[in-house]
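Tertiary structure, described
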Amino acid sequence: MNKRILVIEDDRDILQGMMMLLEMEGYSVVAAENGQIALDYLHAAETLPDLILLDLMMPVKDGYEFRREQQLDPALAAIPVIIMSADANAEAKAAGMGSKRFLVKPVDINDILGAAATCC
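This write-up is about the structure you can find in this document. (Residues numbered from 1 in each chain as written. Predicted model: local features only at pLDDT ≥ 70, side-chain atom pairs only at ≥ 80, totals over all residues. Heavy atoms only, no water.)

So, on to the overall build of the protein. Along its length, the protein carries five helices and five strands. Taking 120 residues into account, the globule formula puts the C-alpha radius of gyration at 14 Å, and the protein, at 13 Å, falls close to it. In terms of principal-axis extent, the alpha carbons of the protein reach across some 35 × 30 × 25 Å. When the 120 residues of the protein are sorted by exposure, 46% land in the buried category. For the protein, the share of sequence-separated contacts (at least 6 apart) that also reach a separation of at least 24 residues comes to 64%. Working note: accessible area of the protein is about 6200 Å², and carbon and sulfur atoms make up 52% of it. Between the mean site of the 10 positive side-chain charges and the mean site of the 19 negative ones, the protein shows a separation of 6 Å. (Helix = DSSP H or I, 4+ residues; strand = E, 2+ residues; numbered from the N terminus. Rg over C-alpha atoms; globule rule 2.2 N^0.38 Å. Buried < 20%, exposed > 50% of the residue type's maximum accessible area, 1.4 Å probe, protein only. Contact = heavy atoms within 4.5 Å. Areas by Shrake-Rupley, 256 points an atom, 1.4 Å probe, with all protein chains shown as cover. Lys, Arg positive; Asp, Glu negative; His and termini not counted. Charge placed at Lys NZ, Arg CZ, Asp CG, Glu CD.)

As structure tokens, then:
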């Protein structure tokens, strides 16, 4: 069975690049352009992802809001999250969010694949 990854990223170029990379490595990838779309997807999904790659800075519902709501939902709270942000100062804030890892954008391809391989 393919491991499933939900990528939550508002930058279409980054999102498409990550999806292509992960799919080439054999992952099944679903994309959401903000935290609200991601939560709507998760609540409707028949099968939950094995991992979430989460950008912090997004419109509508940012990564912080998404993560708070995810942690409050028992059905979603156990899904591991890797946080990504261009703001290196966000790492300290992300540390308190219970993420498996923090990646500084632009994210190195090997970092993404390594994090995905070790988290799920």
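Let's pick the thread back up.
Inspection of every chain in the model, using the stated rule, returns five salt bridges. A salt bridge links Asp-50 to Arg-4; the nearest nitrogen and oxygen atoms lie 3.5 Å apart. You can see Asp-50 sitting in the loop between helix 2 (35-44) and strand 3 (51-55) and its partner Arg-4 sitting in strand 1 (residues 4-8), a full 46 residues away along the chain. Note that Glu-69 is salt-bridged to Lys-61, the shortest N-O span being 2.4 Å. Residues joined by salt bridges that share partners form a network here, namely Glu-9, Asp-55 and Lys-105. (Salt bridge = Lys/Arg side-chain N within 4 Å of Asp/Glu carboxyl O.)

Geometry only, nothing functional implied.
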